[in-house]
Amino acid sequence: VLNILNRGIREFCRDQYWMTMGVMVFRPQDQTLTLWSAGAPPCFLVSKEGQVRVLAQRSSPLGASNQVPWTSVTVPFHPGDRLISFSDAFIEQPTVKGEPIGLRRLERKVAQIGAMTALTARAELMTWFSGLSDGSLRDDITLAIVEFKR
């Protein structure tokens, strides 16, 4: 999928446009989650007990190169676990002080809300984001929380 999208962006955008993207595949039969990244920021894997693990992969965005070795990481994903994924713009968004929200600040917030349900965590993260943000959205903001319920 990433190779096809990369070729399309290279062909149609001619080095004028790059795009970050994450791909996730959940396999319930063996309770694993496999992640691929095309320049996307890390994701957070939150256990049902609230433990936070950063899942980071270095890679180029779609459209940046003709040949990119897309690598994957596979992790256990058990009932009650949550994956928190977000766009690069979420952490690049300026605060009222003019500095980016940043990955470390987001990681600390995710640790605080670790044991919350996905719906409660989403509401808490968006309220936190709105309170920090300078209010000017320069890019699309995406936040996704996937919870394994059985």
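Our structure is the block above this text.
Each chain has its residues counted from 1, running along the sequence as written. The predicted nature of this model means local features are confined to residues of pLDDT at least 70 and side-chain atom pairs, given and counted, to a pLDDT of 80 or more, with totals for whole chains, interfaces and linings taken over all residues. For the side-chain quantities, the full set of heavy atoms in the structure was used; hydrogens and water were omitted.

Caption draft 1: The arrangement of unusual backbone geometry in detail. The phi dihedral of Asp15 is positive, around 65 degrees, even though this residue is not glycine. Backbone geometry at Gln31 places phi at a positive 50 degrees, although glycine is not the residue there. Examined against the element boundaries, Gln31 turns out to sit in the loop between strand S1 (21-27) and strand S2 (32-38). Strands are runs of DSSP state E lasting at least two residues, helices are runs of H or I lasting at least four, and both sets are numbered from the N terminus onward.

Caption draft 2: Molecular detail of the sheet that holds strand S5 (residues 72-76). Two strands pair if DSSP finds at least two bridges between them. Reading across from one edge, S1-S2-S5 is the order of the 3 strands in this open sheet, with antiparallel pairing throughout. Both edges of this open sheet fall to S1 and S5, since each of them pairs with a single strand only. Direction aside, neighbouring strands of the sheet carry axes that sit 20 degrees apart on average. Pairing of S1 with S2 involves 7 bridges; the strand directions are antiparallel. What sits directly across from Val25, in S2, is Thr34. Angles shown run from 0 to 180 degrees and are taken between the N-to-C directions of axes, each axis being a line fitted to C-alpha atoms and, for helices, limited to the stretch in contact.

Caption draft 3: Main features of the sheet that holds strand S3 (residues 43-46). Strand order across the open sheet formed by 4 strands is S4-S3-S6-S7, with antiparallel pairing between neighbours. Edge positions in the sheet fall to strand S4 (52-55) and strand S7 (143-147), since each has one partner strand and no second. Here the average twist between neighbouring strands, direction ignored, is 20 degrees. Pairing between S3 and S4: 4 bridges, direction antiparallel. Bridge pairing links Cys43 to Leu55 in S4. We call two residues in contact whenever any of their non-hydrogen atoms come within 4.5 Å of each other. Docked against the sheet, helix H3 (residues 103-112) engages S3, S4 and strand S6 (82-86), running at close to 15 degrees with respect to S3. Helix-sheet contacts for helix H4 (residues 118-132) involve S6 and S7, and the interaxial angle to S7 is about 160 degrees.

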